[in-house]
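# Summary of structural features
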Amino acid sequence: MLAQQKEALTSLITDALATLDVTDVKVVLEKPKDPEHGDIACTVAMQLARALKKNPREIATSIVHALKDNHESHKLIKSIEIAGPGFINFRVQDSARQEIIRQVISAGSRFGFNDSHKNQSVLLEFVSANPTGPLHLGHARQGALGDVLANLLTTQGWKVTREFYYNDAGVQIGNLAESIRLRAKQLQGEAIEMPENSYHGEYVIAIARDYLDKKTVHAHDGTVIDSKGDITDTDCIRRYGVAYLRNEQDDDLAALGVHFDNFYLESSLYASGRVQNAVQAMIDSGRTFESEGALWLNTSACEDLGIHDDKDRVMRKADGTFTYFVPDVAYHLAKFERGFTKAVNIQGSDHHGTIARVRCGLQCCASVLKLNIPKEFPEYILHKMLSVVKDGQPVKMSKRSGNYVTLRDLVDMAGQDAARFFLVARKADAEFVFDINLAQQKSDENPVYYLQYAHARICSVFANAKDKGFHVPTAEEFLKADLSSLTSEQASALMAKITEYPTLLTMAAKEHAPHMLCYYLKELAAAFHTFYNAERVVIDHDIDRNARLALLFATRQVLGNGLALLGISAPEYMARREEA
């Protein structure tokens, strides 16, 4: 049921209640779980039972009589039934149901969009990998989740910024530089045993080889890193290795169809003084203490801030270096000061322990700096890992990485479309096995193929109509088409499913749940196939044919819109499906 139709029905029920001298009651409309019970249900009779001291069915009967006496209700309501203890179930007029087709055609690619969060900005941070090696499967899942969620939030009016936080400072970067240096010495013929904690994999050898060959690397920010080929220049090796791997990571993310609006360097937090300023603010909050030569934040006593942590956290170690959560606090302080209304971090479930300490640090800083930072800032989406199988066997490692399956491996094996869909098709906190064989399958068992085939099949119907010499209406002509013949059970079910799309987008964005869109599209495709198998579309009768084509036009639009939000192609032609 369309939003304006719900508003109209709510108004009609409110008027009916007024005839019973009932006012100031919130009328709630729900979609029945069983389609057999109608298009919409109302529980207001049960809500009023105690106040009116009447049986809910008696109240419902009075409401129904008042609705039937109102001539305006007949324009929208086809039938009304009272069910169970007092549910009032409505079926809308066929003409009202068919209106969704015109709405879809009019809105086109923006069908389902709204401006409910206009002028509000959200920062999505995801992937944020250390520039020390190829991206792994966890990064792949983050990349797909973040990119699709960004698209969903955009449909609700949010101004979205996708950000990648580079951990380019710390021990791991020095370890990378040393690993490259040692590999370079090996390439020069020295017999050197690589330390156990060094970075392994062919990528380190490739970097070392290019460094010795004095190949130039163009860094992401536009600067050029020239190799001196000098294996004693650790600083040059470090800058060269980081730029090299950042470029590789960018290429891999592009292969997944993921892009970022901004890249933020951890090193800039130190260079700008943000880390030291955040530390000083936490000290000034009175919630820090020194013990065993280290500086601690008293996070276990932050209940008054609405935050619970099971123990206190070290901020500055005895050797003078900061622990990871300190620059994280500085970084999120910067996010808030940059004016973002909302911040969402997509990270692996192993980051669960960082949530309380980061939020506690932020609240301590906020109390000193007089900032109104929400207690739930930033929000977190924590995902579980996935495993990959091919031919029934686990895929465990890649030569490129040395010990794990990379993001690029997954895309190369499954393809971009299948990789993106499968990575977001489950709830983020659910583990799953990525079946490469299923992703490559051309059958209904593969959900990506199933959706794309539905889109292509609709395109083939339009092509078939043209081939038979029929005039296929334009979008403008479809808006004026007579849709009154679309009354079958299958057509009604398909229109009802299309009607759900705007609400689905709102819920998926609000719940940070891209998987909801995947489920919806599969249901929409199933409703289309059911309709297609029940009713011939390309028939001689002009009015009925154009009505059915209009319904398919709207269905194709919504399918294409949904696939676009998922970042998946919507082909106009596909080979015949494998028969099950």
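Whatever comes next refers back to the structure up there.
Residues numbered from 1 in each chain as written. Predicted model: local features only at pLDDT ≥ 70, side-chain atom pairs only at ≥ 80, totals over all residues. Heavy atoms only, no water.

## Re the state of the cysteines
A full pass over the atoms with the stated rule returns one disulfide. Paired by a disulfide, Cys302 and Cys360 hold their sulfur atoms 2.4 Å apart. In this pair, Cys302 sits in the loop between strand S11 (294-297) and strand S12 (313-316) while Cys360 sits in helix H12 (residues 354-369), placing the two residues 58 residues apart along the sequence. A single burial state applies to Cys302 and to Cys360, both of which are buried. (Disulfide = S-S within 2.5 Å. Helix = DSSP H or I, 4+ residues; strand = E, 2+ residues; numbered from the N terminus. Buried < 20%, exposed > 50% of the residue type's maximum accessible area, 1.4 Å probe, protein only.)

## Digging into the pairing of strand S13 (residues 342-348)
The buried fraction of S13 amounts to seven of the seven residues, a majority that puts the element mostly inside the structure. Bridge analysis of strand S5 (residues 121-126) against S13 gives five bridges, and the strand direction is parallel. When the bridges of S13 are listed, Leu123 appears paired with Ala343. Bridge count for S13 against strand S14 (residues 379-383) is five bridges, and the pairing is parallel. Counted as the bridge partner of Asn345 is Tyr380 from S14. As a crossover connection, the stretch from S13 through H12 into S14 is right-handed. (Pairing = 2+ DSSP bridges. Right-handed = clockwise from strand over helix to strand, strands pointing away.)

## A word on the packing of aromatic side chains
Inspection of every chain in the model, using the stated rule, returns 22 aromatic pairs. Arranged with centres 5.0 Å apart and planes meeting at 45 degrees, the rings of Tyr264 and Tyr331 form a pair that is tilted. Residue Tyr264 is found in strand S9 (residues 262-265), and its partner Tyr331 is found in helix H11 (residues 325-337); the two are separated by 67 residues along the sequence. Exposure remark for Tyr264: the relative accessible area of 13% places this residue in the buried category. Ring plane angle 15 degrees and centroid distance 6.0 Å describe the contact between Tyr449 and Tyr453, whose orientation is recorded as stacked. Here Tyr453 and Tyr449 lie together in helix H16 (residues 447-467), a separation of four residues that amounts to about one turn. Here Tyr449 falls in the buried class, since its relative accessible area comes to 6%. Using a relative accessible area of 12% as the deciding quantity, one classes Tyr453 as buried. Among the aromatic residues, ring-to-ring pairing joins Phe126, Phe164, Tyr166, Phe260 and Phe263 into one connected group. Sitting over the ring of Phe470, Arg545 keeps its end group 4.0 Å from the ring centre. Directly above the ring of Phe462 sits Arg556, whose terminal nitrogen or CZ lies 4.7 Å from the centroid. (Phe/Tyr/Trp six-rings, centres within 6.5 Å; stacked < 30°, edge-to-face > 60°. Lys NZ or Arg CZ within 6 Å of the ring centre and 35° of its normal.)

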